[in-house]
Amino acid sequence: MNSLKPLLSMALMATQDINRSVFLRPINALNQYMSVRFKPVHPRIRGHPRKPLPGKPVPVPHKYAWRPIYPLDGNYTVYPLKIEKLGGRDPQTGRVVVKTRGGGNKKYFRWIDYKNEVNPDGIPFREKVFQIRYDPLRTTKLALVAGGDKIRWITATETMQVGDIVTTYSDIPRNPIRPKEGDNHPVGALPIGTKVNNVEVRPGEGGTLVRGAGNFAEIVRRVGKKNYLKLRLPEREICIDERCMVTIGRMSNPYHHTINRMCPQRSRWLGYRPRSGAWHRKDGYCGRKNRPPKPLQDFMIDSALAPKREPEVYEIQPFS
């Protein structure tokens, strides 16, 4: 009996080892799976968006779809111009920046004049609307206006019709005026509560804000020469000088977002590619977040501190 004790102890230890290995095998596999599935993410990606490289601007989706080919002489024209399709790629590096842009039907560019000026002697400048048409490259409609020896394309307001007279003023009276939709005035001449579009942020530079379909800004208050406007899209508040020009009214085509495209192929015609099915708006760290509203942006302080801006120089390319 004593001779069998070592054999029995060895058999018992072997059985325990086998049971332990069988029992720990799924636990080891689970630990290995969890280490792969929940691998830590780099801190630059987790949470906030990735910072742009030094000297590289943040990508904007609508700037990587196309760019116009301006005439060789650089003079303004109302004739349709050809465009160069970028297909979502950066024009400098050639890399894909926006994956949901590309393709589309053949389109032409119409050069819009966003700068509203009066006659050299200060008399209001009057123009007549000859045509209102759809623009394939923008959400708002365009209006062809002419006055004197000048003809140009402008963005149409909601109630603008063929035959209307559009007037541009430059004086700021002591009492606010009664504006007419479609006319252009300095923001300091308008009463509180007026809806405007094509807003200048610095006098003489031309409209740069509130140019999308159905968009408008409302004058909420005035303190001296400072005029505070509340934008609708995106919803924020800005402060501009009283000499900045604005257009009265709301932009045309306000219900463009309700148009049913009917089929995915129509999105292809417009130049939109399908999105990846692995992305969800409400899920993950890249999902929707509650953020505080943006602070007031005072363009008068920015213009006083910023250096004088150089004029824009376009890169003229020959027709191919």
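For the structure itself, look to the data block above.
This report concerns the structure included in the present document. Along each chain, residue indices are assigned from 1 in the same order as the chain's sequence is written. pLDDT decides what is reported in this predicted model: residues at 70 or higher carry local features, side-chain atom pairs at 80 or more are listed and counted, and totals for whole chains, interfaces and linings draw on all residues regardless. As a convention, hydrogens and water are excluded, and side-chain values are obtained from all of the structure's heavy atoms.

**Details of the pairing of strand β3 (residues 125-133)**
Along any regular strand, the residues point their side chains to alternate faces of the sheet. Going by this rule: Two strands are counted as paired when DSSP detects at least two bridges linking them. By the criteria applied, helices consist of DSSP H or I runs no shorter than four residues and strands consist of E runs no shorter than two, each listed in order from the N terminus.
Note that β3 and strand β6 (residues 165-168) share four bridges and pair antiparallel. Note that in β6 the partner of Lys128 across the bridge is Ile165. Pairing between β3 and strand β4 (residues 142-147): five bridges, direction antiparallel. Looking at the pairing, Lys128 lines up with Ala146 of β4.

**Some words on the packing of aromatic side chains**
Inclusion rule: Centres within 6.5 Å are what make two rings of Phe, Tyr or Trp a pair, Trp counting through its six-membered ring; a difference in plane orientation under 30 degrees is then read as stacked, over 60 as edge-to-face, and the rest as tilted. We call a residue buried when its accessible area falls under 20% of the maximum for its residue type, exposed when it is over 50%, and partly exposed in between, using a 1.4 Å probe and counting protein chains only.
Under the defined criterion, the tally for this structure stands at four aromatic pairs. With a centroid separation of 6.0 Å and 80° between ring planes, the pair formed by Tyr70 and Phe109 is classed as edge-to-face. With Tyr70 in the loop between β1 (66-68) and β2 (83-85) and Phe109 in the loop between β2 and β3, this residue pair connects regions lying 39 residues apart in the sequence. Looking at Phe109, the relative accessible area reads 5%, which means it is buried. Between the aromatic rings of Tyr76 and Trp111, the centroid separation amounts to 5.4 Å while the plane-to-plane angle is 50°, which identifies the pairing as tilted. With a gap of 35 residues between them, Tyr76 in the loop between β1 and β2 and Trp111 in the loop between β2 and β3 connect regions that are remote in the sequence. An aromatic cluster of three or more residues is present, and its members are Trp66, Tyr70, Tyr76, Phe109 and Trp111.

**Digging into unusual backbone geometry**
Look at Val210: it is not a glycine, yet its phi comes out positive at around 55°. By secondary structure assignment, the location of Val210 is in the loop between β8 (195-197) and β9 (217-223). Residue Met262 is not a glycine yet carries a positive backbone phi of 70°. With respect to the element layout, Met262 can be found in the loop between β12 (245-248) and α2 (264-270).

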